[in-house]
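Residue-level listing of the chains:
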Amino acid sequence: MAPEPYPHPVCHECKLNENRCLLHDKKFCLGPLTAGGCGAVCPSHGLPCVGCWGPNPDGNFKEHFKLLESFGMTREDVVRRVRNFGGHKILEYIADE
Amino acid sequence: MTRREIKVEPLARVEGHGGILVEIEDDTIVDVKVRILEGPRLFETLVIGKTPEEDLSIVPRICAICNLSHKYASLRALEKALDIEVPEATDHYRHLMHHGEIIESHSLHLYFLALPDFFGYDNAVQMAERFGDVVTNALRLKKFGNRVMRTMGGRMIHGENPVLGGFGKLPSRETLLSIRSEAEELLPFALQTIELLSTLEVPDHMERDTQFLCCKPPHSGYDYFGDAFLTSDGKEHPTEHYQQVIVERVVGHSFAKRSTYNGKPFSVGALARTLLLGDRLEGHAKDALNDLYSPQWHRNPLYNNFAQAVEQVFSLEGIISTVDAVLGCEPPEVVPPARDSGTGVGAVEAPRGTLVHHYELKGGKTVFANYITPTAMFLDDIEAFIRRSGEELLTRGETDNMELQFEMIARAYDPCISCSAHLVTVRRR
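In this report, the structure presented in the accompanying data block is examined. Just so you know, these numbers come straight off a predicted model, no measurement behind them.

## Overview of the overall build of chain B
Helix and strand counts for chain B stand at 14 helices and 14 strands. Taken over C-alpha atoms, the radius of gyration comes to 21 Å for chain B, in line with the 22 Å a tight globule of 429 residues would show. Structurally, chain B occupies a C-alpha span of about 70 × 55 × 35 Å along its principal axes. Expressed as a percentage of the 429 residues in chain B, the buried residues total 52%. Expressed as a percentage of contacts within chain B between residues at least 6 apart in sequence, the contacts between residues at least 24 apart total 73%.

## Structural notes on the interface of chain B and chain A
At the junction of the two partners, chain B supplies 11 residues and chain A supplies 10 residues. No other element matches the three residues that helix α2 (residues 52-58) of chain B contributes to the side of chain B that touches chain A. Class assignment for the residues of the side of chain B that touches chain A results in two nonpolar, four polar and five charged.

## Remarks on the packing of helix α4 (residues 88-119) of chain B against helix α6 (residues 132-153) of chain B
All names here are of chain B. Relative to each other, α4 and α6 sit at 150°, their axes nearing to 8 Å. The orientation of α4 with respect to α6, classified from their angle, is roughly antiparallel. The element α4 and its partner α6 pack so that their crossing is left-handed. Only Val-134, Val-135, Ala-138, Leu-141, Lys-142, Phe-144, Gly-145, Asn-146, Val-148, Met-149, Met-152 and Gly-153 of α6 make contact with α4, whose side of the interface consists of Tyr-93, Leu-96, Met-97, His-99, Gly-100, Glu-101, Ile-103, Glu-104, Ser-107, Leu-108, Tyr-111 and Phe-112. A class-by-class count of the residues in the contact of α4 with α6 yields 15 nonpolar, six polar and three charged.

## Quick word on helix α9 (residues 270-277) of chain B
For α9 of chain B, the tally of buried residues reaches eight of eight residues, placing the bulk of the element in the interior. Residues of α9 of chain B that are buried: Ala-270, Leu-271, Ala-272, Arg-273, Thr-274, Leu-275, Leu-276 and Leu-277 of chain B.

## Details of the sheet that holds strand β13 (residues 353-362) of chain B
Residues and elements named next belong to chain B. If you trace the three strands from one edge of the open sheet to the other, you get β12-β13-β14, paired in antiparallel fashion. The two strands at the open ends of the sheet, each matched to only one other strand, are β12 (342-350) and β14 (365-372). In this sheet, adjacent strand axes meet at a mean angle of 15° when their direction is disregarded. Where β12 meets β13, nine bridges bridge the pair, whose relative direction is antiparallel.

## Regarding the sheet that holds strand β7 (residues 228-231) of chain B
Residue and element names in this part refer to chain B. Read from one edge to the other, the open sheet built from four strands follows the order β8-β7-β6-β11, with strand pairing classed as mixed. Strand pairing shows two members of the sheet lacking a second neighbour, β8 (236-238) and β11 (266-267), which therefore form its edges. In the sheet, strand β6 (residues 211-216) pairs with β7 via four bridges, with the strands oriented antiparallel. Its bridge partner lying in β7, Cys-215 is registered against Phe-229. Running at roughly 75° to β6, α9 makes contact with β6, β7 and β11 of the sheet.

About the criteria used
Residues numbered from 1 in each chain as written. Chains lettered and ligands numbered in written order. Predicted model: local features only at pLDDT ≥ 70, side-chain atom pairs only at ≥ 80, totals over all residues. Helix = DSSP H or I, 4+ residues; strand = E, 2+ residues; numbered from the N terminus. Rg over C-alpha atoms; globule rule 2.2 N^0.38 Å. Buried ≥ 20, exposed ≤ 12 C-beta atoms within 10 Å, placed from the backbone. Contact = placed C-beta atoms within 7 Å. Nonpolar A, V, L, I, M, F, W, Y, C, P; charged D, E, K, R; others polar. Axes fitted to C-alpha atoms, helices over the stretch in contact; angles between N-to-C directions. Parallel < 35°, antiparallel > 145°, perpendicular 65-115°, else oblique. Left-handed = near helix turned anticlockwise from the far one by under 90°. Pairing = 2+ DSSP bridges.

Function-wise, these values are silent; they only describe arrangement.
This is how it looks when you write it as structure tokens:
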């Protein structure tokens, strides 16, 4: 049986927790691309989201990759990190990358 | 010639999917296999080409029960590799986190997985009919361990809060004080458990001599980490030499590797620690060990359950003293890495025994990793004890319920089967 879908990204819960957005500080946060439900636990500890709950279906992967690259990270590094916890289904989201 | 098999599958009340297969020919044990059926986990290859930060979020996924031990072992290895020296205050916070995990894991094992066997119940729920207070308090103790893990780890399981060089966020003074007072409240129950255990009759049919190994703490007290291993032959080995001390091999019936020391099986875990480091204990923990200890501990793995009860006392007292130490320190800053390449071996004592993580980093990426879990160390010893038990039970003619006796031996070690299934050989290029 598949887990119950959670239709919000980590950012949704991060906002509810009133955290300062880590992307302002050019931290490699995967919150916008990641399914929430964890309560934005890592950003709430001042740590970037590593994407461990898998892809958020509404994530704008293309734009977020560009943003992360503008922080000085290579495309290869970005894709590798997204794939760490993305599972097989992440391939649907990053097919163009 | 009559040939029969005793097969326990699945082995219940342990973590993961395993089984026991004992073959008997006439009245002789011809084969004993502790079968690890969990699929291989491949972690040593999963981290290749990744940064230390990624390693630290991937590797604790080896285990949900002792995820913080895996985190801690990786932190110790990676910080050595990257030449990071954390301040004393960070060490205190890490102690706190580790004590929480020991309490969480030991209380789960002792009361819920092991004790029902001793009292003749199938599980702790049945046991609650006669031992309601014990089961209720055991749940409180387990919950407290989880609370400490959640506070320091960041969430119940796989928290990302411990990072290279420090912590993302430190708990408030109020939280620390409330953890301290909860530890004080639970200490009487941990001591009551010592009394309860002292009344138990412990089977002796498996007794044989074995070897023990644990980490040697870098100070004069009892602890759960170190940069050297102590072995029961009185020797001391630097952790960097772990591959010569803990010699691994692959066997056909198990997805976990097997280990020997000096070519023979050995034990790790609470029993090994209390036997090798017990004279370093202080306070109630020292009294608890004195009350329970007997020379049989050296020959009988069922006393691992007793040793866990002693460590519960030690860790509750440890939480009280660690909170006091933390409150006397300035909040530590996160220490950045001094370099991006290097090699490091980190060893800690996970609840069920010695855990070794080894990394080699080049240009900020992992090029080699090796993990040896406690279960991969003591599986040979479980088989040896089951064989001895089978021989003795056949000699005594006590063959009514050999399955349960074998299960109790395996369970006493609190094996973590999912952790242990690492059948990957990583070749250096």
